[in-house]
Amino acid sequence: MTTIEIGLGKSARRGFRLAELSIVPSRRTRDADDVDTSWRIDAFALPSPLLVRGEVGSEQAVGVVGAEAYLDGDGLDETALKAALALAGQEGLRALEVRPQRAKTIVELLPTLELDLLIIHGKIVSAEHVSREREPLNLKRLVRQLEIPVIVGACSSYQGALHLMRTGAAGVIVGGSEPVVGVGAPLATAIADVRSARMTHLDETGVYCQVIASGALETGADVAKSVVCGADAALLDADRGGALSTQEIISGLRATMATCGYENLKEFQSADLVVAT
């Protein structure tokens, strides 16, 4: 990749946001009704590639419960959390999201929570956190002791993603831009880099790790471009202000795939992109 010289002794790569890219249509188009947006993670076959925080699970997407709402200084409100999981998972998976700092607390309760999917999600998460004052979370040990699939992240680099994949995680979240501290990468470039890490990991282990895009995803076109960059699925927030509904996002994704002529998500990942700005 071409680098840009910032000054004597330092260069930088050019990064791209999803908004700067456009998908190139193939030689054919397709009816939207003939498009397959299904997605599989571990043993679960799902109708769409969307995970939505704060939304009740439905036929369209997996609802994800945030554990932080049920954790405070006095501990965990286990009864309320179980009720939220039962509601969110009534049409599908029981999925729970927790910060790395709270992961051990949740893991101790897994036998009673009856989870299908655990998401360990922070702004920037690494497989090798270093601390002089406390024992850091050993992600590799934690992930491999669990019998349910675990998604971890977020990350925005090839090396960071590869190390997270080597923990045995079923999926890795891509995002993690922290402009306040000057850290991160534009989402399109980050996804493409993690896509490359997935291929390295697949060559090393024979295991395909799911790539989950997270960040500035507000429309079906955004999700579509993230898939073409290399994502398998997307993690959204239900509370997106005046944004589109989950159903509208899925319809937009189907429309983009149909216009470009692709039948399923795996084929769609092979579509071409151009820089549109």
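What counts and how
Residues numbered from 1 in each chain as written. Predicted model: local features only at pLDDT ≥ 70, side-chain atom pairs only at ≥ 80, totals over all residues. Heavy atoms only, no water. Helix = DSSP H or I, 4+ residues; strand = E, 2+ residues; numbered from the N terminus. Contact = heavy atoms within 4.5 Å. 1 Å grid on protein atoms, 1.4 Å probe; cavity = no way out; pocket = protein on both sides within 12 Å on 5 of 7 lines; lining within 4 Å. Points joined across faces, edges and corners; volume = space filled by probe spheres on them. Nonpolar A, V, L, I, M, F, W, Y, C, P; charged D, E, K, R; others polar. Pairing = 2+ DSSP bridges. Axes fitted to C-alpha atoms, helices over the stretch in contact; angles between N-to-C directions. Patch = residues over 30% accessible without salt bridge, like charges linked within 9 Å, V, L, I, M, F, W, Y side chains within 5 Å. Areas by Shrake-Rupley, 256 points an atom, 1.4 Å probe, with all protein chains shown as cover. Salt bridge = Lys/Arg side-chain N within 4 Å of Asp/Glu carboxyl O. Buried < 20%, exposed > 50% of the residue type's maximum accessible area, 1.4 Å probe, protein only. Parallel < 35°, antiparallel > 145°, perpendicular 65-115°, else oblique. Left-handed = near helix turned anticlockwise from the far one by under 90°. Phe/Tyr/Trp six-rings, centres within 6.5 Å; stacked < 30°, edge-to-face > 60°.

**Student:** Help me understand the environment of Ser214 in this model?
**Tutor:** Residue position: Ser214 is located in strand β14 (residues 210-214). Measuring from C-alpha to C-alpha, the distance between Ser214 and Ala154 comes to 8.1 Å, with 60 residues separating the pair along the chain. Ignoring anything within four residues of it in the chain, the contact list for Ser214 reads Arg53, His121, Ile173, Val174, Gly175, Leu187 and Leu235.

**Student:** Looking at this structure, how should I read the layout of surface pockets?
**Tutor:** Rolled over the atoms, a probe as big as a water molecule pinpoints where empty space is left. The calculated volume of the second largest pocket comes to roughly 420 Å³. Pro100, Gln101, His129, Arg134 and Leu137 are the residues nearest the centre of the second largest pocket, which is lined by 20 residues in total. Counted by class, the lining of the second largest pocket contains 7 nonpolar, 6 polar and 7 charged residues.

**Student:** Please explain the sheet that holds strand β6 (residues 50-53) as it appears in this structure.
**Tutor:** Within a sheet, each strand pairs with its neighbour through backbone hydrogen bonds, oriented either parallel or antiparallel. Strand order around the closed barrel formed by 8 strands is β6-β7-β10-β11-β12-β13-β14-β15, with parallel pairing between neighbours. Each strand axis lies, on average, 25° off the axis of its neighbour in the sheet, ignoring direction. In terms of strand pairing, strand β7 (residues 62-66) meets strand β10 (residues 95-98) through 3 bridges, oriented parallel. Bridging across to β10, Val65 finds its partner in Leu96. In this fold helix α5 (residues 158-165) packs onto β12 (150-155), β13 (171-174) and β14, with an angle of close to 165° to the strand it touches most, β12.

**Student:** Would you take a moment to explain a nonpolar patch on the surface for this structure?
**Tutor:** Taken together, the side chains of Ile124, Val181 and Val183 make up a nonpolar region of the molecular surface, amounting to roughly 260 Å² of accessible area. With respect to the element layout, Ile124 can be found in the loop between β11 (117-121) and α4 (139-145). Its relative accessible area of 45% is what places Ile124 among the partly exposed residues.

**Student:** Mind showing me how you'd approach the environment of Ala12 here?
**Tutor:** Secondary-structure assignment places Ala12 in strand β2 (residues 10-13). With sequence-adjacent residues up to four places away left out, Ala12 is seen in contact with Thr3, Ile4 and Ile6.

**Student:** Looking at this structure, I do not really get the packing of helix α7 (residues 220-229) against helix α8 (residues 246-260). What am I missing?
**Tutor:** In helix packing, the relevant descriptors are the interaxial angle and the interaxial distance, both defined with respect to the helix axes. Where α7 meets α8, the closest approach of the two axes is 7 Å, and the angle between their N-to-C directions is 55°. As summarised for this structure, α7 and α8 are arranged oblique, according to the angle between their axes. Between α7 and α8 lies a crossing of right-handed hand. On α8, the residues touching Gly220, Ala221, Val223 and Ala224 of α7 are Ile249, Gly252, Leu253 and Thr256.

**Student:** Help me out: how do you make sense of the environment of Val65 in this one?
**Tutor:** Relative to the assigned elements, Val65 resides in strand β7. Given the relative accessible area of 7%, Val65 is considered buried. In sequence terms Val65 and Gly160 are 95 residues apart; their C-alpha atoms lie 26 Å from each other. Dropping the residues within four chain positions of it, Val65 is found in contact with Tyr70, Leu81, Ala84, Leu85, Ala88, Ala95, Leu96 and Glu97.

**Student:** Explain the packing of aromatic side chains here, please?
**Tutor:** Here the distance between the centres and the angle between the planes together describe a pair of aromatic rings. Taken as a whole and assessed by the stated rule, the structure comprises 1 aromatic pair. Measuring from centroid to centroid gives 5.6 Å for Tyr262 and Phe268, while their planes differ by 50°, and the two rings are tilted. Taken as a pair, Tyr262 and Phe268 share a single burial class, namely buried.

**Student:** What should I look at first to understand the pattern of salt bridges in this one?
**Tutor:** Side chains that differ in charge, positive against negative, can pair when their charged atoms come close. Evaluation of the coordinates by the stated rule reveals 11 salt bridges. Here Arg53 and Glu97 are joined by a salt bridge, their closest N and O atoms 2.8 Å apart. Separated by 44 residues along the polypeptide, Arg53 in strand β6 and Glu97 in strand β10 bring together distant segments of the chain. Judged by its relative accessible area of 16%, Arg53 is buried. Classification of Glu97 by relative accessible area gives buried; the value is 11%. Between Lys266 and Asp232 there is a salt bridge; the shortest N-O distance is 3.4 Å. Of this pair, Lys266 sits in helix α9 (residues 265-268) while Asp232 sits in the loop between α7 and β15 (233-237), and the two are 34 residues apart along the sequence. Using a relative accessible area of 46% as the deciding quantity, one classes Lys266 as partly exposed. Overall, Asp232 belongs to the buried group, its relative accessible area being 6%. Here the salt bridges share partners, and the residues they tie into one network are Arg14, Arg17 and Glu20.

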